[in-house]
Amino acid sequence: MPAACVIGLQWGDEAKGKLVDLLAPDHDCVVRYQGGANAGHTVVSGNDVYKLHHVPSGILHPQVMNFITPGVVIEPTTLLGELQELEGRGIDPRKNLVISERAHLVMPWHLLEDQLMNQLVVQGENIGTTLRGIGPCYRDKVGRNFAVRASDLLQADLGDRIAAIVQAKQTLLRGMGGADLVGDLCADRVTETARAWTEQLRPLIGDTTNRLLDALDSDKRLLMEGAQGSLLDIDHGTYPFVTSSNSSGVGICSGSGVPSRWIRRVIGVAKAYSTRVGGGPFPTELHCDTGQKIRDLGNEYGTTTGRPRRCGWFDAVAVRYTARLSGVDSLALMMMDVLGHFEEIQVCVAYEIDGQRCERFPCEASILRKAKPIYETLPGWNCDVTGARSLEDLPQRAHEYLQRIGELIGVPVKVISVGPDREQTIFTDRQQLMTLVA
Ligand code: IMP
């Protein structure tokens with residue numbers, strides 16, 4: 001039996017966690033396959049709000065197995081905090097969570113390196129990372145000499161490995177202008193911390209790759225949970241203002257070990273408008289009161305860092321690109337309730353770049369920075385839709401908006417979210433969405 005995927009189509013924070021939590025009961029396994037603690041997935045169940053960073057959003061369903069696979073970078077202290085938080089709220093995540101022994105660990109030196117590197121200005125702007133050590137950890141993964149994987153926690157020579165890396169990192173930090181940070185890095189202290197991680201995590205560490213392949217062979221259904229958004233993809237996003245993993249659909253197979261032939265449904269998630277945190281070009285960004293109004297109505301502040309998110313109108317050029325890139329066959333349009341407070345709504349249908357109309361998303365950040373949005377204006381529905389529970393409950397103008405977005409992206413909208421609760425979700429045809437094409 002095959003796999004379905006939930007992929008963010010913008011710059012992250014598209015409310016993928018809510019959708020994964022909703023779809024999880026139709027699946028046997030939920031799989032996080034890239035990114036790390038830079039992700040912040042919020043799941044709301046009744047009055048309970050769960051903010052997850054590493055733990056897959058299927059964790060609230062005890063019958064669903066949750067996997068953190070080799071493509072994820074794990075910051076163990078944050079992960080253990082998440083587990084503790086869940087345990088404190090009556091959920092036992094240790095029963096239905098497996099962590100890949102191949103997953104790389106974000107070590108204390110990665111946090112220091114991220115802090116140092118984040119002060120650098122690239123093309124006149126900071127990348128503005130989440131400071132979770134993501135870039136430095138992926139850099140060491142590719143570099144290989146200084147990497148620490150979950151499996152290393154189980155080795156007898158863990159202390160020796162850490163001591164050797166700390167020595168090298170101290171030299172590197174000094175060379176990077178971070179001499180004042182070197183004192184924060186002590187091999188004995190890091191080893192002690194790592195041994196405490198081992199004690200807590202040992203029972204969870206295993207071979208996720210073979211377990212997932214076995215699950216597929218025995219007709220289990222998988223739900224692949226993307227983190228961040230496709231425009232932050234290291235290879236296909238707004239480089240260099242991106243994250244360090246393949247956050248578009250292209251990362252599913254490499255990050256999880258699930259072969260592409262099993263992927264039969266790709267749900268692309270987008271907000272009904274656009275947001276971005278950190279630096280980088282953002283053609284439809286609104287610096288006016290309307291941008292602030294979207295931020296206030298949508299509570300657009302980062303789950304991981306608390307930073308105010310940059311806000312703007314829906315960018316159909318960008319989402320058309322990422323929907324194609326990620327192989328999306330169905331769209332989920334989130335935060336539709338936020339747009340219920342506007343007389344008119346703008347949708348960017350093309351860019352003007354150096355006086356030319358452009359309908360393709362450019363690959364150069366410097367070109368994207370010059371792009372002026374060409375807008376189509378649609379009438380707003382100007383009413384509260386948070387109580388809508390079916391398509392019939394939505395006003396005609398909201399239908400027209402959904403229809404137009406579907407046309408512009410070339411993929412039909414099949415899920416509409418009108419608020420944070422599970423109930424505030426409308427499926428055009430849930431059964432059809434969950435029927436995976438053979
Ligand atoms: P990093 O992933 O911490 O290295 O950050 C690189 C860029 O990606 C920064 O602009 C971050 O704000 C952005 N970013 C990383 N993760 C997320 C996310 O989950 N949501 C939104 N933006 C993110």
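Residues numbered from 1 in each chain as written. Predicted model: local features only at pLDDT ≥ 70, side-chain atom pairs only at ≥ 80, totals over all residues. Heavy atoms only, no water.

Things to note about the overall build of the chain
Note the threshold: Per the convention used, a helix needs a DSSP run of H or I reaching at least four residues, while a strand needs a run of E reaching at least two, with both numbered from the N terminus. When we talk radius of gyration, it's over C-alpha atoms, and the globule rule is simply 2.2 Å times the number of residues to the 0.38. Residue burial is assigned from relative accessible area. The probe radius is 1.4 Å, only protein chains are included, and a residue is buried under 20% of its type maximum, exposed over 50%, and partly exposed in between. Should any heavy atoms of two residues lie within 4.5 Å, those residues are counted as being in contact. Each accessible area value is a Shrake-Rupley result obtained with a 1.4 Å probe; residue values ignore everything except the protein chains displayed when judging cover.
Scanning the chain from N- to C-terminus turns up 14 helices and 22 strands. Computed over the C-alpha atoms, the radius of gyration of the chain is 22 Å, within 12% of the 22 Å expected from 2.2 N^0.38 for a compact globule of 438 residues. Here the C-alpha coordinates of the chain stretch approximately 65 × 50 × 40 Å along the principal axes. When burial is assessed residue by residue, the chain has 58% of its 438 residues classed as buried. Contacts in the chain between residues at least 24 apart in sequence constitute 76% of all its contacts with a sequence separation of at least 6. A total of about 17,500 Å² of accessible surface is found on the chain, and carbon and sulfur atoms cover 48% of it.

Regarding the nonpolar core
Basically, it comes down to this: The term nonpolar core refers to a set of buried residues drawn from Ala, Val, Leu, Ile, Met, Phe, Trp, Tyr and Cys, joined through side-chain atoms within 4.5 Å.
Counting residues in each nonpolar core, the largest one holds 74 residues, and the members touching the most others are Leu-222, Phe-314, Leu-333, Met-336 and Tyr-401. A total of six residues in this core trace back to one element, the largest contributor, which is helix H13 (residues 396-409).

Comments concerning the environment of Ile-7
Assignment of secondary structure puts Ile-7 in strand S1 (residues 3-8). With a relative accessible area of 0%, Ile-7 lands in the buried category. Taking the C-alpha atoms as reference points, Ile-7 and Gly-268, 261 residues apart in sequence, are found 5.0 Å from one another. Not counting chain neighbours up to four residues away, the residues in contact with Ile-7 comprise Lys-16, Tyr-33, Ser-230, Ser-247, Ser-248, Gly-249, Ile-252, Val-266, Ile-267, Gly-268, Val-269 and Ser-326.

Here we look at helix H11 (residues 316-325)
For H11, the tally of buried residues reaches seven of 10 residues, placing the bulk of the element in the interior. Along H11, the positions that sit buried rather than exposed are Ala-316, Val-317, Ala-318, Val-319, Arg-320, Thr-322 and Ala-323. Lining the buried residues of H11 we find strand S16 (314-315), strand S18 (344-353) and H13. Immediately downstream of H11, the backbone of Gly-327 shows phi near 65 degrees, a positive value.

Things to note about the domain arrangement of the chain
Short version of the rule: Boundaries of every domain are those given by an automatic assignment or by a domain database. Buried area is calculated as the accessible area (1.4 Å probe) missing from two parts once they are joined, with the contributions of both summed. Each reported salt bridge corresponds to a side-chain nitrogen of Lys or Arg within 4 Å of a carboxyl oxygen of Asp or Glu. Each polar contact in these results corresponds to two N or O atoms within 3.5 Å; when the atoms are within protein, one needs to be able to donate a hydrogen and the other to accept it, and residues that are neighboring in sequence are counted only if both atoms are side-chain atoms. Three classes are used: nonpolar for Ala, Val, Leu, Ile, Met, Phe, Trp, Tyr, Cys and Pro, charged for Asp, Glu, Lys and Arg, and polar for all others, with Gly counted as polar.
For the chain, the assigned domains read domain 1 (3-96 + 207-433) and domain 2 (104-203). If you average the C-alpha positions of domain 1 and of domain 2, the two centres end up 29 Å apart. Residue-level contacts link 34 residues of domain 1 with 20 residues of domain 2. Across the interface of domain 1 and domain 2, roughly 2,200 Å² is buried in total on both sides, 57% from carbon and sulfur atoms. For the domain 1 face of the interface with domain 2, the top three residues by lost area are Val-73, Pro-76 and Phe-241, together amounting to 23%. One can count one salt bridge joining domain 1 with domain 2. Salt-bridge contacts for Arg-369 lead to Glu-125; the nearest nitrogen and oxygen are separated by 2.6 Å. Counting across the interface, domain 1 meets domain 2 through 10 residue pairs in polar contact (both at pLDDT 80 or more). Looking at the side of domain 1 that touches domain 2, its residues break down into 13 nonpolar, 16 polar and five charged.

A word on the site of the ligand
For the record, the criterion: What makes a residue near a molecule or strand is one non-hydrogen atom of that residue sitting within 4 Å of it.
With respect to spatial proximity, 16 residues lie near the ligand, and among them Asp-13, Asn-38, Thr-130, Thr-243 and Arg-307 are the closest. For the ligand, an oxygen atom lies 3.5 Å from a polar atom in the backbone of Gly-128. With respect to the ligand, the side chain of Gln-228 contributes an N or O atom lying 3.4 Å from a nitrogen atom. Expressed as a share of its isolated accessible area of 470 Å², the protein-covered part of the ligand is 97%. Tallied by class, the residues present in the shell around the ligand amount to six nonpolar, eight polar and two charged. Counting contributing residues, the shell around the ligand receives three or more from each of domain 1 (3-96 + 207-433) and domain 2 (104-203).

As for the environment of Gly-302
Assignment of secondary structure puts Gly-302 in the loop between helix H10 (289-297) and strand S15 (310-312). When its relative accessible area of 13% is taken as the criterion, Gly-302 is described as buried. Considering only alpha carbons, one finds Gly-302 and Val-277, 25 residues apart in sequence, at a separation of 7.4 Å. With residues near it in sequence (within four places) discarded, Gly-302 still touches Arg-307 and Arg-309.

Here's the deal with the side chain of Arg-310
Its location among the elements puts Arg-310 in strand S15. Separated by 2.7 Å, the side chain of Arg-310 and the backbone oxygen of Gly-278 make a polar contact. Of the polar contacts made by the side chain of Arg-310, one reaches the side chain of Glu-285; its length is 2.9 Å. Not counting residues within four places of it along the chain, the set of residues in contact with Arg-310 comprises Glu-125, Ser-274, Thr-275, Arg-276, Gly-278, Gly-279, Gly-280, Phe-282, Glu-285 and Arg-295.

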